[in-house]
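Read off the chains here:
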Amino acid sequence: MAVAQLAVKQEAQSPPPPSLPPSFTPGTTPPGTTPRDPLGLEERILTLCAQNSKGITDDIIVQDQPTIDVEKRLRALQRLLSQGKIELLKQGHSLVYRLKATSSTPSSKTKGLEREQRLVYQLIEDSGNKGIWMREIRFRSNIAQSEVTRCLKTLESKKLIKSVRSVQAARRK
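Residues numbered from 1 in each chain as written. Predicted model: local features only at pLDDT ≥ 70, side-chain atom pairs only at ≥ 80, totals over all residues. Heavy atoms only, no water.

Under an unreviewed UniProt entry, the name given to the protein chain is DNA-directed RNA polymerase III subunit RPC6, and the source organism is Geodia barretti. The annotation that UniProt attaches to the protein chain under Subcellular location (unreviewed entry) is "Nucleus". Of the protein chain, the UniProt comment under Sequence similarities (unreviewed entry) reads exactly: "Belongs to the eukaryotic RPC34/RPC39 RNA polymerase subunit family." (UniProt positions renumbered as here; feature names shortened; annotations may be inferred.)

Another aspect to go through is helix H7 (residues 145–157). Its 13 residues place the ends of H7 18 Å apart at the C-alpha level, agreeing with the 18 Å of an ideal helix rising 1.5 Å per residue. Every buried residue of H7 is accounted for by Val 148, Cys 151, Leu 152, Thr 154 and Leu 155. Considered in projection along H7, the buried side chains sweep an arc of 160° and stay on one side of the axis. Residues of H7 that are exposed and angled more than 90 degrees away from the buried face: Ser 146, Lys 153 and Ser 157. Along its buried surface, H7 packs onto helix H5 (115–127) and helix H6 (134–141). Once H7 finishes, Lys 159 follows within two positions and takes phi at roughly 60°, a positive value. (Helix = DSSP H or I, 4+ residues; strand = E, 2+ residues; numbered from the N terminus. Expected span 1.5 Å × (residues − 1). Buried < 20%, exposed > 50% of the residue type's maximum accessible area, 1.4 Å probe, protein only. Arc of directions from axis to C-beta. Contact = heavy atoms within 4.5 Å.)

Attention shifts here to the pattern of salt bridges. In the structure shown here, the tally under the stated rule is 9 salt bridges. The partner of Arg 79 in a salt bridge is Glu 42, and the shortest N-O contact between them spans 2.3 Å. Of this pair, Arg 79 sits in helix H4 (residues 70–83) while Glu 42 sits in helix H2 (residues 41–51), and the two are 37 residues apart along the sequence. Just as Arg 79 is buried, Glu 42 falls in that class too. Between Arg 140 and Glu 136 there is a salt bridge, with the nearest N and O atoms lying 2.9 Å from each other. Of this pair, Arg 140 and Glu 136 both sit in helix H6, 4 residues apart, which is roughly one turn of that helix. Within the structure, one salt-bridge network assembled from shared partners comprises Glu 114, Glu 147 and Arg 150. (Salt bridge = Lys/Arg side-chain N within 4 Å of Asp/Glu carboxyl O.)

Encoded structure:
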């Protein structure tokens with residue numbers, strides 16, 4: 001009896017199917033919706049990034065694709081960022097989109113890490129042999145101090161990084 005009541009409640013709570021206009025034909029996109037990447041914008045952005053190794057600004061994308069509105073452009077950029085194909089950098093007062101190097105794609109090392117931990121690991125990896133201060137990690141990643149500390153402890157426990165204290169500044173980490 002409880003199972004039947006649950007099924008009835010779920011049916012009652014589900015929204016009614018949207019009505020389609022009479023001009024809609026199956027196999028086409030309904031009005032008001034857009035397919036995932038109809039104009040190949042994501043591929044074009046990746047091509048632009050590959051051509052400019054230092055990265056591209058939003059102005060370059062607008063010059064290349066002037067007919068694409070802001071919303072579609074932002075959706076494409078967000079998808080590329082979330083897939084890890086491009087990275088967002090700040091140069092001066094402008095934002096720059098740059099193609100990620102193939103070695104910085106999620107590997108077996110960073111597979112089980114959270115987004116913040118992966119970001120902290122990437123910052124440390126980009127710093128190379130010289131290392132990076134916790135304060136610099138906090139400023140570059142815009143993550144709270146407690147979260148940075150937690151990420152560093154997790155990365156240290158997985159033996160991905162090693163914490164080293166400076167001889168000149170013994171109180172800094």
